[in-house]
Amino acid sequence: VSCPIAAGRWIMEHRTVPATDPFSFTMAGKPWVAHEWGAEVIQAIAFNLAGFAGLAALVTLTLMALFGTLFWYLRKSAGPVALLIALAGTYLVLQPFVMARPHVMAWPFLALWSVLLFTYRDRGQAPPLPLALLMLVWANLHGSYFFGFVIAGAVTLDALVDARFERSAFLQWLLFGIATLLATFLNANGISGLLHPLAISGMETLPAIGEWQASTPRSTPLF
């Protein structure tokens with residue numbers, strides 16, 4: 001918890017996103033891509049306002065936004081029992097990962113991005129270009145925005161197959177994809193922020209980082 005708060009306070013004090021590490025003893029001055037800077041600032045503000053209670057309230061609001069999004073989407077096609085099972089199952093799966101860390105704040109964006117793409121795909125139309133602004137916010141909040149491209153690619157392919165790759169549908173989805181890509185360029189870390197998820201996945205030390213360990217039936221059975 002202390003790391004995001006310290007980083008958020010540093011960003012607010014200096015009114016800039018750090019490009020080098022100002023904290024570590026062994027890595028001081030080394031290049032740093034602060035891919036969670038938006039979430040870190042929000043967490044620092046919450047802690048400054050109400051301490052750990054502020055962080056707990058922030059996590060609670062984040063989870064409410066996540067489950068509210070899921071409820072809004074599922075209620076159109078699921079009954080009360082199915083809704084209860086879906087929401088309870090989602091909580092059980094996520095429970096081991098619920099903590100006052102920036103990744104939790106990315107969950108509502110993942111859910112909202114997904115359900116909006118599903119909704120427009122079900123209508124047989126490409127999403128409106130302003131929806132790309134959601135990716136702009138996500139890219140400045142947490143590095144997990146990369147999953148948004150994966151989801152968008154899968155939904156686009158599904159929509160185009162259904163439309164038999166009609167030229168107008170192809171152009172509409174292509175235009176939305178370009179708008180989404182351009183939106184992610186508008187992040188505080190520039191091209192380094194855009195490529196950061198790929199850089200992380202290629203780190204040789206990744207297996208030694210606990211929170212990046214692969215999920216297994218023993219460590220996270222419900223997941």
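Residues numbered from 1 in each chain as written. Predicted model: local features only at pLDDT ≥ 70, side-chain atom pairs only at ≥ 80, totals over all residues. Heavy atoms only, no water.

(A) Molecular detail of the overall build of the chain. Helices and strands together make up the secondary structure of the chain, namely 8 helices and 0 strands. When the helices and strands of the chain are listed from N to C terminus, the series reads α-α-α-α-α-α-α-α. Relative to the globule expectation of 17 Å for 223 residues, the C-alpha radius of gyration of the chain, 19 Å, shows essentially globular dimensions. Each principal axis of the C-alpha distribution contributes one length, and for the chain these read about 55 × 40 × 35 Å. Every one of the 223 residues in the chain was classed for burial, and the buried ones make up 39%. Sequence separation of 24 or more characterises 65% of the internal contacts of the chain that already satisfy a separation of 6 or more. Of the accessible surface of the chain, which amounts to about 13100 Å², a share of 69% is contributed by carbon and sulfur atoms. Charge-centre separation for the chain: the mean point of 11 positive side chains lies 6 Å from the mean point of 10 negative side chains. (Helix = DSSP H or I, 4+ residues; strand = E, 2+ residues; numbered from the N terminus. Rg over C-alpha atoms; globule rule 2.2 N^0.38 Å. Buried < 20%, exposed > 50% of the residue type's maximum accessible area, 1.4 Å probe, protein only. Contact = heavy atoms within 4.5 Å. Areas by Shrake-Rupley, 256 points an atom, 1.4 Å probe, with all protein chains shown as cover. Lys, Arg positive; Asp, Glu negative; His and termini not counted. Charge placed at Lys NZ, Arg CZ, Asp CG, Glu CD.)

(B) Inspection of the side chain of Asn187 at higher detail. Turning to its location among the elements, Asn187 is positioned in the loop between helix 7 (167–185) and helix 8 (190–201). Looking at Asn187, the relative accessible area reads 11%, which means it is buried. A polar side-chain atom of Asn187 sits 2.6 Å from the main-chain carbonyl oxygen of Thr184. Among the polar contacts listed, one links the side chain of Asn187 to the backbone nitrogen of Gly190, at a separation of 2.9 Å. The residues touching Asn187, leaving out its near neighbours within four places in the chain, are Ala139, Asn140, Gly193 and Leu194. (Polar contact = N/O pair within 3.5 Å; in protein donor to acceptor, adjacent residues only side chain to side chain.)

(C) Quick look at the environment of Ala152. As for its position among the elements, Ala152 is in helix 6 (residues 146–162). The class of Ala152 is buried, set by a relative accessible area of 13%. Considered as a pair, Ala152 and Leu61 are 91 residues apart in the sequence and their alpha carbons are 26 Å apart. Setting aside anything within four residues of it in sequence, one finds Ala152 in contact with Trp113 and Leu117.

(D) Local environment of the nonpolar core. One finds Leu66, Trp113, Leu117, Leu131 and Trp138 to be the most contacted residues of the largest nonpolar core, which totals 39 residues. Sort the elements by how many residues they give to this core and helix 2 (residues 37–74) lands first, with 10 residues. Residues in contact with Trp113, not counting those within four places in the same chain, are Leu131, Leu134, Met135, Trp138, Gly148, Ile151, Ala152, Phe176 and Thr180. (Core = buried A, V, L, I, M, F, W, Y, C linked by side-chain atoms within 4.5 Å.)

(E) Quick look at the pattern of salt bridges. On inspection of all chains with the given rule, the structure shows 2 salt bridges. Measuring nitrogen to oxygen at the nearest pair gives 2.4 Å for the salt bridge that ties Arg121 to Asp158. With Arg121 in helix 4 (residues 102–122) and Asp158 in helix 6, this residue pair connects regions lying 37 residues apart in the sequence. On the basis of relative accessible area, Arg121 is assigned to the buried category, the value being 16%. Here Asp162 and Arg121 are joined by a salt bridge, their closest N and O atoms 3.7 Å apart. Taken together, the positions of Asp162 in helix 6 and Arg121 in helix 4 put the pair 41 residues apart, joining distant regions of the chain. A cluster of three or more residues bridged by salt bridges with shared partners is formed by Arg121, Asp158 and Asp162. (Salt bridge = Lys/Arg side-chain N within 4 Å of Asp/Glu carboxyl O.)

(F) Unusual backbone geometry, seen in detail. Phi at Arg15 is positive, roughly 55°, even though this residue is not glycine. Checked against the element boundaries, Arg15 lands in the loop between helix 1 (2–14) and helix 2. Of note, the phi angle at Arg164 is positive, near 55°, even though the residue is not glycine. One can find Arg164 in the loop between helix 6 and helix 7.

(G) Representation of the packing of aromatic side chains within the structure. Across all of its chains, the model carries 7 aromatic pairs by this definition. With centroids separated by 6.2 Å and ring planes inclined at 75°, the aromatic side chains of Phe23 and Trp32 adopt a geometry described as edge-to-face. Overall, Trp32 belongs to the partly exposed group, its relative accessible area being 25%. Seen from their ring centres, Tyr73 and Phe118 are 6.2 Å apart, and the 45° between their planes marks the pair as tilted. Placement of the pair is Tyr73 in helix 2 and Phe118 in helix 4, with a sequence separation of 45 residues. What makes Phe118 partly exposed here is its relative accessible area of 32%. The side chain of Lys76 reaches across the aromatic face of Trp72, ending 5.0 Å from its centre. Directly above the ring of Tyr120 sits Arg123, whose terminal nitrogen or CZ lies 5.1 Å from the centroid. (Phe/Tyr/Trp six-rings, centres within 6.5 Å; stacked < 30°, edge-to-face > 60°. Lys NZ or Arg CZ within 6 Å of the ring centre and 35° of its normal.)

(H) A look at the packing of helix 4 against helix 6. As a packed pair, helix 4 and helix 6 sit with axes 10 Å apart at the nearest point and diverge in direction by 10°. Between helix 4 and helix 6, the angle is such that the two are roughly parallel. Along the contact surface, helix 4 presents Leu110, Trp113, Ser114, Leu117, Phe118 and Arg121, while helix 6 presents Phe147, Gly148, Ile151, Ala152, Val155, Asp158, Ala159 and Asp162. Among the residues making up the contact of helix 4 with helix 6, the classes are represented as 9 nonpolar, 2 polar and 3 charged. (Axes fitted to C-alpha atoms, helices over the stretch in contact; angles between N-to-C directions. Parallel < 35°, antiparallel > 145°, perpendicular 65-115°, else oblique. Nonpolar A, V, L, I, M, F, W, Y, C, P; charged D, E, K, R; others polar.)

Remember, this is a structural readout, not a statement about activity or role.
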